[in-house]
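# Examination of the molecular architecture
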Amino acid sequence: GRGFRPEGTKITFPNGVVVGNEEVVVMAGPCSVESRAQILDSAKKVKAAGAKFLRGGAFKPRSSPYSFQGMGLEGLKLLREVADETGLLVITEVMEISQIEVMLPYIDCFQIGARNMQNFNLLRELGHVRKPCLLKRGIAATIEEVLLSAEYILSGGNYDLMLCERGVRTFETYTRNTMDISAIPVLKKLTHLPVLGDPSHGVGIRDLVPPMALAAVAAGADGLLMEMHPDPEKAMSDGAQSLYPEQLEKLMAQLRKLAPVV
Ligand code: PEP
Ligand code: MN
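Here the structure is a predicted model, which means the values were calculated and not measured. (Residues numbered from 1 in each chain as written. Chains lettered and ligands numbered in written order. Predicted model: local features only at pLDDT ≥ 70, side-chain atom pairs only at ≥ 80, totals over all residues.)

In this section: the site of ligand 1. Cys 31, Gly 57, Pro 61, Gly 113, Ala 114, Arg 115, Lys 136, Arg 166, Asp 198 and His 201 make up every residue found near ligand 1. In terms of residue class, the shell around ligand 1 is made up of 3 nonpolar, 3 polar and 4 charged. (Near = placed C-beta within 6 Å. Nonpolar A, V, L, I, M, F, W, Y, C, P; charged D, E, K, R; others polar.)

Given below as structure tokens:
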């Protein structure tokens, strides 16, 4: 059962939050940092819902070069500022080696996006930092490939690693991706690492996020990474899959019936 993993990796964050413990750790926030007001409002709502991490991209891997690419360094500063103001931890995506040093002072956890799961040079470099990483499953990656990518980070000496199922591309078009819930117990069996679920990118449709979040936790996920926006209609990225703050609040209560949640 959950928690019976004496050898399992536990990652302790600065404020005492532990991932890989009995509690399911929730990381929530907008897809992108868009402005001070937007990220502060997001942080307040994430905190009110009882989650521990604020997520938000400052460097965004957009399919189109003409789409919003993120606020960059300014976004990192805003994340840190509002997270400190509200008492949250920061997780945000690193896209390339040159960003690592820039990001270190502002963040609590590096997120390696699906598109970079096999950016082996980036992974190798992250093996040398002493900051936790969350590695997302690639868009069409097998579980074996996820494990091998994880090895790039672990073999460099960075053992504070979490894995994250975020859906893979299949023939199905109704959902944005097909969230492979079975990857969660498989990864938990094959590794000692905490495994999280990202139902937002997993399905791409906000009303399908709560049931898949519950499914991920029922399948043994150690945490969830989810998009929530104070005003999803105005979101600069991934608005359609971003929860309304009230939905996050309600979901947290449902999750607590399944497992202890922080
Ligand atoms: C994100 O978390 O906003 C993101 C870009 O996710 P993924 O890398 O899973 O597509
Ligand atoms: Mn997104």
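Moving on, there is more to tell.
The next subject is helix H5 (residues 143-154). Over its 12 residues, H5 runs 16 Å from end to end, which matches the ideal 16 Å to within 8%, given 1.5 Å per residue. Those residues of H5 that are buried are in contact with helix H4 (120-126), strand S7 (133-136) and strand S8 (161-165). (Helix = DSSP H or I, 4+ residues; strand = E, 2+ residues; numbered from the N terminus. Expected span 1.5 Å × (residues − 1). Contact = placed C-beta atoms within 7 Å.)

Here we take up the confidence of the model for the chain. Mean pLDDT over the chain stands at 96; residues scoring 70 or higher make up 98%. Confidence estimates for the predicted assembly give a pTM of 0.97 and an ipTM of 0.99. (pLDDT = per-residue confidence, 0-100.)

Within S8, 5 of the 5 residues are buried, leaving the element largely enclosed by the surrounding structure. The side-chain alternation of S8 yields two buried faces, one formed by Leu 161, Leu 163 and Glu 165 and the other by Met 162 and Cys 164. Here S7 pairs with S8 via 4 bridges, running parallel. Counterpart to Leu 134 in the pairing with S8 is Met 162. Regarding the hand of the β-α-β motif, the stretch spanning S7, H5 and S8 is right-handed. Pairing analysis gives 3 bridges linking S8 to strand S9 (residues 195-197), with the strands arranged parallel. Bridge pairing in S9 links Cys 164 to Leu 196. (Buried ≥ 20, exposed ≤ 12 C-beta atoms within 10 Å, placed from the backbone. Pairing = 2+ DSSP bridges. Right-handed = clockwise from strand over helix to strand, strands pointing away.)

Running from N to C, helix H1 (residues 36-49) and helix H2 (residues 73-86) cross one another at 35°; their axes reach a closest spacing of 9 Å. Taken as a pair, H1 and H2 cross one another with a handedness that is right-handed. For the pair formed by H1 and H2, the contact residues are Arg 36, Ile 39, Leu 40, Ala 43, Lys 44 and Lys 47 on the first element and Leu 78, Leu 79, Val 82, Ala 83 and Thr 86 on the second. Here the residues of the contact of H1 with H2 are counted per class, giving 7 nonpolar, 1 polar and 3 charged. (Axes fitted to C-alpha atoms, helices over the stretch in contact; angles between N-to-C directions. Left-handed = near helix turned anticlockwise from the far one by under 90°.)

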